[in-house]
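What the coordinates show
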There are 2 protein chains.
Amino acid sequence: MSAPKAEKKSPRIQPRAPRGFADRDPGDIAATARMMETIRTVYERYGFEAVETPFVEYTDALGKFLPDQDRPNEGVFSFQDDDEQWLSLRYDLTAPLARHVAENFDKLPKPYRSYRAGWVFRNEKPGPGRFRQFMQFDADTVGASSVAADAEVCMMAADTMEALGIKRGDYVIKVNNRKILDGVMEAIGLGGEENAGRRLTVLRAIDKLDRLGVDGVKQLLGPGRKDESGDFTKGAALEPWQTEIVLDFEIEYGENSFTGITPGWNKEPIQSGLELKREGSFDLLEIQGLVRAAGYGPDRIRIDPSVVRGLEYYTGPVFECELTFEVKDEDGKPVRFGSVGGGGRYDGLVSRFRSEPVPATGFSIGVSRLVSALKAIGSPIVTGANVAGPVVVLVMDKDRVGDYQKMVAELRGANIRAEMYLGDSGMKAQMKYADRRNSPCVIIQGSNEKQAGEVQIKDLIEGAKQADAYRSNAEYRAARLAQFSCKEDEIVARVRELLTAHGIA
Amino acid sequence: MSAPKAEKKSPRIQPRAPRGFADRDPGDIAATARMMETIRTVYERYGFEAVETPFVEYTDALGKFLPDQDRPNEGVFSFQDDDEQWLSLRYDLTAPLARHVAENFDKLPKPYRSYRAGWVFRNEKPGPGRFRQFMQFDADTVGASSVAADAEVCMMAADTMEALGIKRGDYVIKVNNRKILDGVMEAIGLGGEENAGRRLTVLRAIDKLDRLGVDGVKQLLGPGRKDESGDFTKGAALEPWQTEIVLDFEIEYGENSFTGITPGWNKEPIQSGLELKREGSFDLLEIQGLVRAAGYGPDRIRIDPSVVRGLEYYTGPVFECELTFEVKDEDGKPVRFGSVGGGGRYDGLVSRFRSEPVPATGFSIGVSRLVSALKAIGSPIVTGANVAGPVVVLVMDKDRVGDYQKMVAELRGANIRAEMYLGDSGMKAQMKYADRRNSPCVIIQGSNEKQAGEVQIKDLIEGAKQADAYRSNAEYRAARLAQFSCKEDEIVARVRELLTAHGIA
């Protein structure tokens, strides 16, 4: 007879999830599902409808818009199909949506509002809390060039935060416009396709103004910066006069309340970026007007020049949803919770596939970041009561598993979570198993009970309470606490009584 | 000024999902979600708990257990990590679960019951209805060697079908045992590791007995078979005497009701597989006894020798959930709906990672197959009423989008699905858009209404009914059917009345 496969001798394999990939436990799965259901409700109320795309796309259809797009083969997991075409795992949900809309353009209503939640993949160096697979929840409006679409997305993001129980004042949707930043780039001579990579380095440097301050950003705009750990980040290599214009603009724009035209700008001799910048400013004023008209004050949605967004495909307004309440960092220092999502206008992404321009805008939530935030504020959406485990029917006599199976089937038939113990261990281990499963009670039928047509029901919740009063385990067991017998045909009724008494059923 | 990205001139990319990958529409997403919620409820009632693993695993941790495992680099999408280790997209949910359990062995209760739904990937030739990404819904019990665990999984599968509205008699859980088949393989000299590939070819040939009949399977067991289209499938190249034993066994076992020992077996001179086969038969008898004790008759769960299952990792009982009602095939001929799921015992999969044996068994549902089945029987779980679209506020005057935005915000604030038209088109196109969105009504405010502090509400549902009575569109429009005016501050109340009247709110 051949050896069963379980005993096959082969070198043992190390069981481990790949670096940057993680398993999810029941609590995390349930919390995330409840949170996403709340988000879904808000998005539906705004008239958005669900649509989903596959995890794999043709590499050329996705395009490369990640921050590290200038290093080929990085950022994205790619592999070749048997017909030599390159495939990639999606790195966000926006690029695949653009492909979907372009492919089904004539069938879709325009403007087309849609939403989707899904896992995305980044081929990056993993680290603590930095995963290579994570979930996003996106909403997009395609086919609307009006900034009313951008304003709507910002209001929807604000409503979502409040629906999730994040108090007004604890979040803010910050809005900026890439056109303004692009205007500044023009002004310092960094316009044009050939400077795309360097523009992104400058934008990413500006993005760090909050964290590194003016001096740190000045280094990143210039030769580069060495951080406290000694790691060196290459800079954008701007000339001092270019750095000065960028910082001048950022600081003045930031310190003054937004008025449409940044004070101080006109003193600059370089005017080439002015038109684009002015256009961007007007867009922002219009968004501001629309959200104010709908009753969203600056405590909820406001213009903020520090918002950049790392992806290269944005062409107009960009948004960031920041949680402003404080949490403790690893060193116990209080820090702002920070960003849980963002987005912006990407008018070029769909038109890559079409001869006509197709405007689009959208917003993306980082799902696990937002779950963490809801945990931090103790939101009932993600905490949830600890769910009681199943009733466990113990196996006292292995020849009678049919009898035990019948009891379990009756309990399940009455909609009561129940299971028969399926292992090989004795009474003590079975009780331990029931404890570990958080069972409300166990059903016991040894040969004596069988002869009497009865079972013992042991109430583990009540038992745990009474156990505290006993000095030793032995004394406790001897007392046979919280245990009662009943007839075989009363099991369902008595178990239901017990569950009701504990507020479970 | 730099050209906006939308106008960038670059070669146009063809928008297409990769071969074998598909997008999902709102109806499919909603139907699948409702179906999975029902399955989840049954699994929870059986005491199973949710756990999920990532999409990517180390290739060596997954192992190669697919039907085409003898052709390397096929069946699985794989790519190399930056540290040279090979990664693969999971091809099922069982191999990753085995890794998860092995990695967290000491933390988990044993036996460990868990469930998960998730997408899996197969690098196979795509075809009509044959996808390279599809969803499975799995439940597994790890750490129980008793066939009571197998019996439980079969009963849970039966309960799931009934919870989904599939009538008793329209489904059957068929159970076989790989040990019996392995015994037959022993008997014809195909035991041992070196014959694993050929055994699988034989098993896959047996699997086709229903479809191809004895003669077809005889060809597949021997030199091979050419089908009607002229395609040739290589055979298992058995000698005639081997083929005879296999077919003898299958046919006699199949035609007789199961009695534990197959009639006719003893007449064979080759006895080496007998012990394994007998062991397998006793396992099946025990499963039969357990499910009958729990009240599951042969109309729901029965022994069937034709069940094989294509995956190589099964070591004991194997199950198949077959839907027996008829549907029409492409040619309009009635055919049985067929399999929507299956599973079995895989005692070797977890122990690949550990020095001790770890028994396990599980069941996997093909989610989109099951959705199709529920559609075929018209189950309300997947059909669902056509959901009404959002209320659309028309944009009559582009300078007053702020006013329209305010109306929309009020409607949404009252939990009414609503949106402002975001496109650039005129009144007629906006009405067409509202129709396409399945809107119950539109809100109209031109300059006259604005001056009077009023809006027009047009009831599109009532309007559509009345429209049938008119001969021409022009006549219909002139009648201004199902349209009424109200004060600006009454919008929410009047819209809610309208929705309630149509049974929507």
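Note that the structure is predicted; figures quoted are calculated from it, not measured. Residue numbers run consecutively from 1 along every chain, following the written order of its sequence. Whichever chain is written first becomes A and whichever ligand is written first becomes 1, with later ones labelled in order. The model is predicted, so local features are restricted to residues of pLDDT at least 70 and side-chain atom pairs to those at 80 or more, both for listing and for counting; the totals for chains, interfaces and linings are taken over all residues. Side-chain metrics in this entry use all non-hydrogen atoms of the structure; hydrogen atoms and water are not considered.

1. Let's talk about the overall build of chain A
By the criteria applied, helices consist of DSSP H or I runs no shorter than four residues and strands consist of E runs no shorter than two, each listed in order from the N terminus. Secondary structure assignment for chain A yields 17 helices and 18 strands. Counting over 505 residues, chain A shows a buried share of 55%. Using a 1.4 Å probe, the Shrake-Rupley method yields the accessible areas, and only the shown protein chains count as cover for residues. Just so you have it, chain A exposes about 21,700 Å², and 49% of that area is on carbon and sulfur atoms. Residue exposure (1.4 Å probe, protein chains only): buried if accessible area is under 20% of the type maximum, exposed if over 50%, otherwise partly exposed.

2. A closer look at the packing of helix H6 (residues 196-206) of chain A against helix H7 (residues 209-221) of chain A
Residues and elements named next belong to chain A. To obtain each axis, a line is fitted to C-alpha atoms, and for helices this fit is confined to the stretch in contact; angles are then taken between N-to-C directions over 0 to 180 degrees. The interhelical angle for the contact between H6 and H7, taken along N-to-C directions, is 145 degrees, at an axis separation of 8 Å. Contacts between H6 and H7 involve Val-202, Ala-205 and Ile-206 from the first element and Leu-209, Val-217, Leu-220 and Leu-221 from the second. Classifying every residue of the contact of H6 with H7 by side-chain character gives seven nonpolar, no polar and no charged. What makes two residues a contact is simply this: any of their non-hydrogen atoms within 4.5 Å. We call Asp, Glu, Lys and Arg charged. Ala, Val, Leu, Ile, Met, Phe, Trp, Tyr, Cys and Pro are nonpolar, and the rest, Gly among them, are polar.

3. Examining the domain arrangement of chain A
Each domain span listed reflects an automatic or database assignment of domains. Each assigned domain of chain A is listed here: domain 1 (26-383) and domain 2 (391-501). The C-alpha-based centres of domain 1 of chain A and domain 2 of chain A are spaced at 55 Å.

4. Concerning the state of the cysteines
We call a pair of cysteine sulfur atoms a disulfide when they lie within 2.5 Å. For the structure shown, the criterion picks out zero disulfides over all chains. No disulfide involves Cys-154 of chain A; its sulfur sits 9.8 Å from that of Cys-321 of chain A, the nearest cysteine.

5. Some details on the packing of aromatic side chains
Each aromatic ring pair is specified by the distance between its two centres and by the angle formed by the two planes. Stacked, edge-to-face and tilted are the three classes for Phe, Tyr and Trp ring pairs, Trp counted by its six-membered ring, which pair at centre distances within 6.5 Å; planes under 30 degrees apart are stacked, over 60 edge-to-face, the rest tilted. Counted by the stated rule, this structure contains 28 aromatic pairs over all chains. Relative to Phe-55 of chain B, the ring of Phe-55 of chain A lies with its centre 4.7 Å away and its plane at 35 degrees, an arrangement referred to as tilted. Remark: Phe-55 of chain B occurs in the loop between strand E1 (49-50) and strand E2 (56-58) and Phe-55 of chain A occurs in the loop between strand E1 (49-50) and strand E2 (56-58); the pair is interchain, linking two chains. Ring centres of Tyr-313 of chain B and Tyr-314 of chain B lie 5.1 Å apart, and the angle between their planes is 70 degrees; on these two criteria the pair is classed as edge-to-face.

6. Let's talk about the relation of the copies chain A and chain B
In this comparison the copies share one frame, found by least squares on the C-alpha atoms of residues holding pLDDT of at least 70 in both. Of the two same-sequence chains, chain A is brought onto chain B (RMSD 0.1 Å, axial shift 0.0 Å) by a rotation of 180 degrees. Taken together, the rotation angle and the small translation identify this as a two-fold axis. When C-alpha positions in chain A are compared against the rotation axis, the closest is assigned to Phe-79 of chain A, at 3.0 Å.

7. A short note on the interface of chain A and chain B
The interface is formed by 111 residues belonging to chain A together with 112 residues belonging to chain B. Summed over both partners, the accessible area (1.4 Å probe) lost when two parts come together is defined as the buried area. Of the roughly 9,600 Å² buried at the junction of chain A and chain B (both faces included), carbon and sulfur atoms supply 55%. Any Lys or Arg side-chain nitrogen found within 4 Å of a carboxyl oxygen on Asp or Glu counts as a salt bridge. Counting the contacts that link chain A with chain B gives 22 salt bridges. Across the pair Arg-16 of chain A and Asp-60 of chain B runs a salt bridge, and its minimum N-O distance is 3.1 Å. A 3.5 Å cut-off defines polar contacts: any pair of N or O atoms within that distance qualifies, except that in protein one atom must be a possible hydrogen donor and the other a possible acceptor, and neighbouring residues in sequence count only when both atoms are side-chain atoms. Across the contact surface, chain A and chain B share 56 residue pairs in polar contact (both at pLDDT 80 or more).

8. Things to note about the sheet that holds E2 of chain B
All names here are of chain B. Read across the open sheet, the three strands follow the order E2-E4-E3; overall the sheet is antiparallel. For this open sheet the edge positions go to E2 and strand E3 (78-80), each flanked by a neighbour on one side alone. The average angle at which neighbouring strand axes cross in this sheet is 35 degrees, direction not considered. Strand pairing is defined by DSSP finding a minimum of two bridges between the two strands. With three bridges connecting them, E3 and strand E4 (residues 86-89) associate as antiparallel partners. Pairing of Gln-80 across the sheet is with Trp-86, part of E4.

9. A closer look at helix H17 (residues 491-501) of chain A
Residue and element names in this part refer to chain A. Taken residue by residue, H17 has Ile-491, Val-495, Leu-498 and Leu-499 as its buried positions. Each buried residue of H17 lies within a common arc of 95 degrees when the element is viewed along its axis, so the set occupies one face. Facing away from the buried side of H17, by more than 90 degrees, are the exposed residues Thr-500 and Ala-501. The inward-facing, buried residues of H17 contact strand E14 (391-393), helix H12 (401-413), strand E16 (441-444), strand E17 (454-459) and strand E18 (483-487). Residue Gly-503 follows H17 closely and has a positive phi angle near 70 degrees. What the arc describes is the spread of directions from the helix axis to the C-beta atoms.

10. What about the nonpolar core?
Residues Tyr-43, Leu-370 and Val-495 of chain A together with Tyr-43, Leu-370 and Val-495 of chain B are the most contacted members of the largest nonpolar core, which totals 280 residues. Apart from the residues lying within four places of it in its own chain, the contact partners of Val-495 of chain A are Val-391, Leu-411, Ile-416, Cys-441, Ile-443 and Ile-457 of chain A. By nonpolar core is meant a set of buried Ala, Val, Leu, Ile, Met, Phe, Trp, Tyr and Cys residues that side-chain atoms within 4.5 Å join together.

11. Details of a positive patch on the surface
Judged by side-chain charge, Lys-110 of chain A together with Lys-428, Lys-432 and Arg-436 of chain B come together as a positively charged surface patch. Along the chain, Lys-110 of chain A falls in the loop between helix H3 (94-103) and strand E5 (112-121). Patch membership needs two things, relative accessible area over 30% and no salt bridge, and members are linked within 9 Å if like-charged or within 5 Å if nonpolar (Val, Leu, Ile, Met, Phe, Trp, Tyr). Asp and Glu are treated as the negative residues and Lys and Arg as the positive ones, with His and the ends of the chain left uncounted. The location of each charge is read from NZ of Lys, CZ of Arg, CG of Asp or CD of Glu.

12. Some words on unusual backbone geometry
Here the residue pair Lys-110 of chain A and Pro-111 of chain A is connected by a cis peptide bond, since its omega of -5 degrees sits within 30 degrees of zero. Of note, Asn-438 of chain A is a non-glycine position whose phi angle comes to about 60 degrees, a positive value. Its location among the elements puts Asn-438 of chain A in the loop between helix H13 (427-436) and E16. Non-glycine residue Asn-415 of chain B carries a positive phi angle of around 70 degrees. You can see Asn-415 of chain B is positioned in the loop between helix H12 (401-413) and strand E15 (418-420). Judged by relative accessible area, which is 57%, Asn-415 of chain B ranks as exposed.

13. Describing the sheet that holds strand E4 (residues 86-89) of chain A
All names here are of chain A. The sheet built from three strands is open, its strands ordered E2-E4-E3 with antiparallel pairing. Two strands close off the open sheet at either side, each with one partner strand: E2 and strand E3 (78-80). On average, each strand axis in the sheet is inclined to that of its neighbour by 35 degrees, with strand direction left out of account.

14. Points about the pairing of strand E6 (residues 133-142) of chain B
All names here are of chain B. In terms of burial, E6 is largely enclosed, as nine of its 10 residues are buried. Direction of pairing for strand E5 (residues 112-121) relative to E6: antiparallel, over a ladder of 10 bridges. Within E6, the residue paired with Arg-113 across the bridge is Thr-141. Judged from the seven bridges that link them, E6 and strand E13 (residues 360-366) form a sheet pairing that is antiparallel. Bridge pairing links Thr-141 to Thr-361 in E13.

15. Comments concerning H7 of chain A
Residue and element names in this part refer to chain A. Any helix carries an expected span of 1.5 Å times its number of residues minus one. Taking 1.5 Å per residue, 13 residues should reach 18 Å; H7 reaches only 11 Å between its end C-alpha atoms and comes up short. Take the seven residues that end at a residue and the seven that start at it, fit an axis to each, and the angle between those axes is the bend at that residue. The largest bend in H7 amounts to roughly 80 degrees and is located at Asp-215. Buried residues of H7: Leu-209, Gly-216, Val-217, Leu-220 and Leu-221, and no others.

16. Describing the side chain of Asp-138 of chain A
Here Asp-138 of chain A shows up in strand E6 (residues 133-142). An unpaired buried charge is present at Asp-138 of chain A: no salt bridge exists, and Arg-116 of chain A, the closest side chain of opposite charge, is 4.8 Å distant.

17. Considerations on the side chain of Thr-361 of chain A
All names here are of chain A. Secondary-structure assignment places Thr-361 in strand E13 (residues 360-366). For Thr-361, a relative accessible area of 0% puts it in the buried group. Beyond its immediate chain neighbours, meaning those up to four positions away, Thr-361 contacts Ala-139, Asp-140, Thr-141, Ala-149, Asp-150, Val-153, Phe-319, Gly-344, Arg-345 and Tyr-346.

18. Brief notes about the pattern of salt bridges
A full pass over the atoms with the stated rule returns 82 salt bridges over all chains. One salt bridge connects Arg-113 of chain B with Glu-152 of chain B, and the closest N-O pair in it is separated by 2.9 Å. Remark: Glu-152 of chain B occurs in helix H4 (residues 147-163) and Arg-113 of chain B occurs in strand E5; sequence separation between them is 39 residues. A residue is classified by how much of its surface remains accessible, and Arg-113 of chain B, at 2% relative accessible area, is buried. Glu-322 of chain B is the salt-bridge partner of Arg-336 of chain B, the closest N and O atoms lying 2.6 Å from each other. Here Arg-336 of chain B, found in strand E12 (residues 334-345), pairs with Glu-322 of chain B, found in strand E11 (residues 317-328); they are 14 residues apart in sequence, far enough to count as distant. Arg-336 of chain B gets classed as partly exposed once you look at its relative accessible area, which sits at 47%. Residue classification places Glu-322 of chain B among the buried residues on the basis of a relative accessible area of 10%. The network of salt bridges with shared partners includes Glu-49, Arg-113 and Glu-152 of chain A together with Arg-412, Glu-419 and Arg-437 of chain B.

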